[in-house]
Amino acid sequence: MEVLACKGLRKVYGDLEVLKGIDFSINKGETKVIIGPSGSGKSTFLRIMGLLEPPTEGKVFFEGKDVYGENLNLNMIRAKIGFVFQDPSLFRHLTALENVKLGLKVVLKMSDEEATKKAMETLKLVRMDEWADYYPAQLSGGQQQRVGIARALAMDPDIILFDEPTASLDIELTWEVIDVMKDLARRGITMLVVTHEIGFAKEVADEIVLMDSGRIVESGPPEQMLKSPKTERAREFLGRLLGGV
Amino acid sequence: MIDPNDLLFLLQGVPATLAISFLSFGIGFALGIPIAVARQMSPSLSYLMEAYEKAFRGIPVLVFMLLFYFGLGGFVPFLKDPFTCAVVALGLRSGAFQSQIFRGAINSVDKQQMMAALSLGMTKTEAFRYVILPQAFIVALPGLGSEISLLIKDSSYAFILGVLELTKHADILRKASRSFVFPYLMAAVLYILMTFPIANYLDKWGSRLKTKYGLR
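Predicted model only: the values in this text are computed from it and were never measured.

Calculation notes
Within each chain, residues carry numbers counting from 1 in the order of the written sequence. For naming, the first written chain is A and the first written ligand is 1, with later ones following in the order written. Under the rules for a predicted model, residues below a pLDDT of 70 receive no local features and side-chain atom pairs below 80 are neither given nor counted, while totals for whole chains, interfaces and linings still include all residues. Side-chain figures throughout are based on the complete set of non-hydrogen atoms in the structure, without hydrogens or water. By the convention used here, residues are in contact when the closest approach between their heavy atoms is within 4.5 Å. By buried area we mean how much accessible surface two parts lose on assembly, using a 1.4 Å probe and totalling the loss over both. Salt bridge criterion: a side-chain nitrogen from Lys or Arg within 4 Å of a carboxyl oxygen from Asp or Glu. Here a helix means four or more residues in a row that DSSP labels H or I, a strand means two or more in a row labelled E, and each is numbered from the N terminus. We call a residue buried when its accessible area falls under 20% of the maximum for its residue type, exposed when it is over 50%, and partly exposed in between, using a 1.4 Å probe and counting protein chains only. Under this definition, polar contacts are N or O atom pairs within 3.5 Å; protein pairs additionally need one hydrogen-donor-capable and one acceptor-capable atom, and for neighbouring residues in sequence, both atoms have to be side-chain atoms. The criterion for strand pairing is that DSSP finds at least two bridges linking the strands in question.

> Honestly, the interface of chain A and chain B in this entry has me stumped. Any pointers?
By convention, interface size is frequently given as the accessible area that disappears when the constituent parts associate. On the chain B side, the residues contacting the 23 residues of chain A number 21 residues. In total, about 2,100 Å² of surface goes out of reach between chain A and chain B, with carbon and sulfur atoms giving 65% of it. Looking only at chain A, the three residues that lose the most surface to chain B are A:Phe91, A:Arg92 and A:His93, adding up to 28% of its buried area. For the pair chain A and chain B, the number of links is 1 salt bridge.

> Would you explain unusual backbone geometry in this entry?
Across the chain, the bulk of peptide bonds are trans and the bulk of non-glycine residues have phi less than zero. Residue and element names in this part refer to chain A. If you check the backbone angles, Asn 71 has positive phi at about 55° while not being a glycine. Tracing the chain through its elements places Asn 71 in the loop between strand E5 (65-66) and helix H2 (74-78). You will see that Ser 213, though not glycine, has its phi angle at about 45°, which is positive. Along the chain, the position of Ser 213 falls in the loop between strand E9 (207-212) and strand E10 (215-220).

> Would you mind showing me how to read the side chain of B:Gln135 here?
Structurally, B:Gln135 is set in helix H7 (residues 124-154). The exposure class of B:Gln135 is buried, given its relative accessible area of 2%. A polar side-chain atom of B:Gln135 sits 3.3 Å from a polar atom in the side chain of A:His93. Beyond its immediate sequence surroundings of up to four residues, B:Gln135 is in contact with A:Phe91, A:Arg92, A:His93, B:Val109, B:Gln113 and B:Leu215.

> Would you mind going over the pairing of E9(A) with me for this structure?
A regular strand carries its side chains on alternate faces of the sheet. Residue and element names in this part refer to chain A. Of all 6 residues in E9, 6 are buried, a share of seventy percent or more. With 4 bridges connecting them, strand E3 (residues 31-35) and E9 associate as parallel partners. By the bridge assignment, Lys 32 is partnered in E9 with Glu 207. Bridge count between E9 and E10: 5 bridges; the pairing is antiparallel. In the strand pairing of E10, Met 211 is matched with Ile 216.

> It is not clear to me how the sheet that holds strand E2 (residues 16-27) of chain A should be interpreted in this structure. Could you clarify?
One key point about sheets: their strands pair by backbone hydrogen bonds, in either a parallel or an antiparallel sense. Residue and element names in this part refer to chain A. Taking strand neighbours across the sheet as the criterion, the 4 strands line up as E2-E1-E4-E5 in an open arrangement whose pairing is antiparallel. Because the sheet does not close on itself, it has two edges, and the strands there are E2 and E5. Note that strand E1 (residues 2-13) and E2 share 9 bridges and pair antiparallel. Within E2, the residue paired with Val 12 across the bridge is Glu 17.

> In this structure, what is going on with the pattern of salt bridges? I would like to understand it.
Two side chains that carry opposite charge are able to pair once their charged atoms sit near each other. With the rule as written, the count across this model stands at 27 salt bridges over all chains. Between A:Glu121 and A:Lys117 there is a salt bridge; the shortest N-O distance is 3.7 Å. Linking A:Glu121 with A:Lys117, this pair stays in helix H4 (residues 112-125), spanning 4 residues, or about one helical turn. A relative accessible area of 43% means that A:Glu121 is categorised as partly exposed. Taking the shortest distance from any N to any O, the salt bridge between B:Glu50 and B:Arg39 comes out at 3.4 Å. Note that B:Glu50 is positioned in helix H3 (residues 43-58) and B:Arg39 in helix H2 (residues 14-41), a separation of 11 residues in sequence. Each member of the salt-bridge network shares a partner with another, and the members are B:Arg39, B:Glu50, B:Glu53, B:Lys54 and B:Arg103.

Below, the structure is given as structure tokens:
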């Protein structure tokens with residue numbers, strides 16, 4: 001079943017055309033990884049798919065429904081699309097536990113007791129339960145990011161979008177976050193991930209999508225994309241990313 | 001030197017001074033936050049709010065008090081009460097000041113915080129209520145401290161309307177005693193004893209919370 005899709009997506013900021021017509025779809029249970037040079041429009045694409053920004057042109061479909069065309073309630077759909085930011089963007093005045101609880105209480109209207117239970121379970125999944133009462137400022141970048149993942153995951157979303165979740169972390173912190181994400185992928189969580197962690201893509205992705213200059217250049221299963229990409233642009237970019245050739 | 005009876009007489013003016021200051025601060029708070037949020041959420045309302053802010057920032061509060069008392073008082077009976085009139089004028093001005101304090105504080109909150117709140121499915125109003133405003137409030141604390149001090153000082157304008165607050169008591173004392181300066185000097189000390197600790201406390205409280213939460 002198709003969870004999230006788009007057709008003919010364009011985004012223009014002033015004179016700058018960031019997305020130049022993108023068709024894309026992801027099914028339930030799939031993990032897709034988006035790679036591409038900086039400025040290729042990956043983050044903009046992800047924010048539009050997360051309904052955090054409207055497209056200039058084109059359609060976004062959530063579970064088959066035309067989100068902007070049918071005038072659906074954006075807040076209700078956003079609640080079903082998890083989003084993990086590059087800068088974890090935890091709510092700074094709340095503890096790790098309160099960060100995870102807030103959406104459960106305010107959006108899903110859970111009781112405090114239910115929300116605490118659910119939040120603690122989710123923090124355990126990302127191995128942050130022991131840090132539940134710490135404020136973001138007291139946590140490392142990797143720990144913050146795992147709480148960010150828990151915050152999105154606790155809402156039981158139909159898909160989670162990750163916008164370069166490890167880009168601002170050093171190598172060991174990257175591993176702890178990537179481990180958690182692999183875990184989620186294996187649990188069958190639908191994930192759309194912008195990342196350059198090619199090991200992650202190799203292990204758990206169903207498809208790698210290469211974006212460049214606002215377009216999808218090529219996409220395919222990891223083995224094919226990494227070993228024998230069809231386009232010259234994909235060969236060049238992947239060659240550099242894999243550190244050889 | 002200081003006659004205890006004189007001091008006791010002056011102190012009788014302090015409750016009115018504090019009442020005017022805190023009531024008008026309350027009105028300003030109740031006006032300032034919604035106006036600051038409205039200016040963020042709806043640009044069309046912005047012009048109206050801006051006009052209000054400009055008026056109260058650009059015109060002396062004493063002029064507003066006199067306008068309200070002698071002008072509007074004829075149509076709005078409760079403005080004929082000097083105490084109420086002073087509270088309303090100072091409260092409206094404080095609303096204009098506090099909306100600017102909160103606007104700056106809201107702008108200082110990382111834009112991604114709003115994004116993160118929306119991504120969970122919150123409405124914009126919920127995002128303000130649960131995420132943006134609590135953080136903005138912390139950033140605003142030092143500004144709110146100065147605002148309270150300003151109100152305590154400017155509550156002395158109520159003297160013109162005959163409200164029995166601290167400055168009026170000092171004035172009465174001056175007329176009753178042979179000392180022209182001493183009553184005012186004592187009042188000055190009392191004002192400092194009220195303004196300085198409050199502003200200082202809110203400033204410290206703000207810095208402590210900012211460090212705790214790692215806010216800029």
